[in-house]
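One-letter residues, chain by chain:
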Amino acid sequence: MSDAASVNLQPMTRERLAVWLPDSMAQYEQSRIDAGDSPAAAAANRRASEERLFPDGEPAPGQLLFSAMLDGREAGWLWVGPFAEGADWWVWHVEVHEEFRRRGLGRVIMQRAEEIAREHGASSLGLNVFAYNTGARALYESLGYETTAINMKKTWAD
């Protein structure tokens with residue numbers, strides 16, 4: 001088991017961004033479908049997010065992307081930046097790759113996200129987690145994140 005404290009966040013290279021962005025947006029779209037959006041609504045949300053936060057395929061001002069490196073290997077990703085104008089920041093995407101999970105890396109990456117946001121003048125750091133992602137929800141709650149909204153849905157078959 002690797003020492004999570006040795007996780008190093010490195011700014012994402014342009015080459016890595018070109019691979020990461022379509023993958024990240026596809027994951028976002030699928031997560032919205034898994035959470036109950038129609039495929040059309042999920043695709044529209046993806047397009048809107050990508051146009052606003054990655055105009056011309058480049059991060060919008062203030063959006064920071066990192067590769068989480070452990071022992072010279074990419075162990076995950078972090079995307080953090082301002083939510084909108086003001087001092088509220090957002091974790092847009094955090095991921096620990098499958099083979100590196102259950103080692104405490106997610107906790108370390110989130111703690112580093114908080115440090116980065118504070119260094120940039122943020123007064124808060126928010127995130128979205130889908131209800132089905134119970135492991136991530138438990139991690140965020142253990143780090144002091146509080147629920148600020150709950151979406152609910154009832155589905156039935158005719």
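Colleague: Mind showing me how you'd approach the overall build of the chain here?
Modeller: Across its full length, the chain carries four helices and five strands. Listing the helices and strands of the chain from first to last along the sequence gives β-α-α-β-β-β-α-β-α. Taken over the C-alpha trace, the chain has a radius of gyration of 16 Å; the compact-globule value for 158 residues is 15 Å, and the two agree within 12%. Each of the three principal axes of the chain carries a C-alpha extent, and together these read 55 × 35 × 30 Å. When the 158 residues of the chain are sorted by exposure, 37% land in the buried category. At a minimum sequence separation of 6, the contacts of the chain that also span at least 24 residues come to 58%. Split by element, the accessible area of the chain, about 9,800 Å² in all, is 50% carbon and sulfur. Computed over 16 positive and 23 negative side-chain charges, the inter-centroid distance for the chain is 4 Å.

Colleague: Would you explain unusual backbone geometry in this entry?
Modeller: Where the residue is not glycine, phi is negative for most of them; where a peptide bond is considered, it is trans in most cases. The phi dihedral of D71 is positive, around 55°, even though this residue is not glycine. When you line up the elements, D71 lands in the loop between β2 (64–70) and β3 (73–82). When its relative accessible area of 61% is taken as the criterion, D71 is described as exposed. The backbone of R102 shows a phi angle near 70°, a positive value even though the residue is not glycine. Following the sequence through the fold, R102 ends up in the loop between β4 (88–96) and α3 (105–119). With relative accessibility at 80%, the residue R102 sits in the exposed group.

Colleague: Looking at this structure, how should I read the packing of aromatic side chains?
Modeller: Pairs of aromatic rings are described using the distance from one ring centre to the other and the angle between the two planes. Using the criterion set out here, one finds ten aromatic pairs in the structure. Ring plane angle 5° and centroid distance 5.7 Å describe the contact between F83 and W92, whose orientation is recorded as stacked. Taken together, a centroid distance of 6.2 Å and an interplanar angle of 55° make the contact between W90 and W92 tilted. Residue W90 is classed as partly exposed on the basis of its relative accessible area, which comes to 22%.

Colleague: Which parts of the structure should I look at to understand the environment of F100?
Modeller: With respect to the helices, strands and loops of the structure, F100 is situated in the loop between β4 and α3. Judged by relative accessible area, F100 falls into the buried class, the value being 4%. Through-space distance from the C-alpha of F100 to that of G76 is 8.1 Å; in sequence the pair is 24 residues apart.

Colleague: Where do I start with the side chain of H97 in this structure?
Modeller: When you line up the elements, H97 lands in the loop between β4 and α3. You can call H97 buried: its relative accessible area is 15%. Every residue in contact with H97, bar those within four places of it in the chain, is listed here: E74, A75, G76 and W77.

Procedures and definitions
Residues numbered from 1 in each chain as written. Predicted model: local features only at pLDDT ≥ 70, side-chain atom pairs only at ≥ 80, totals over all residues. Heavy atoms only, no water. Helix = DSSP H or I, 4+ residues; strand = E, 2+ residues; numbered from the N terminus. Rg over C-alpha atoms; globule rule 2.2 N^0.38 Å. Buried < 20%, exposed > 50% of the residue type's maximum accessible area, 1.4 Å probe, protein only. Contact = heavy atoms within 4.5 Å. Areas by Shrake-Rupley, 256 points an atom, 1.4 Å probe, with all protein chains shown as cover. Lys, Arg positive; Asp, Glu negative; His and termini not counted. Charge placed at Lys NZ, Arg CZ, Asp CG, Glu CD. Phe/Tyr/Trp six-rings, centres within 6.5 Å; stacked < 30°, edge-to-face > 60°.

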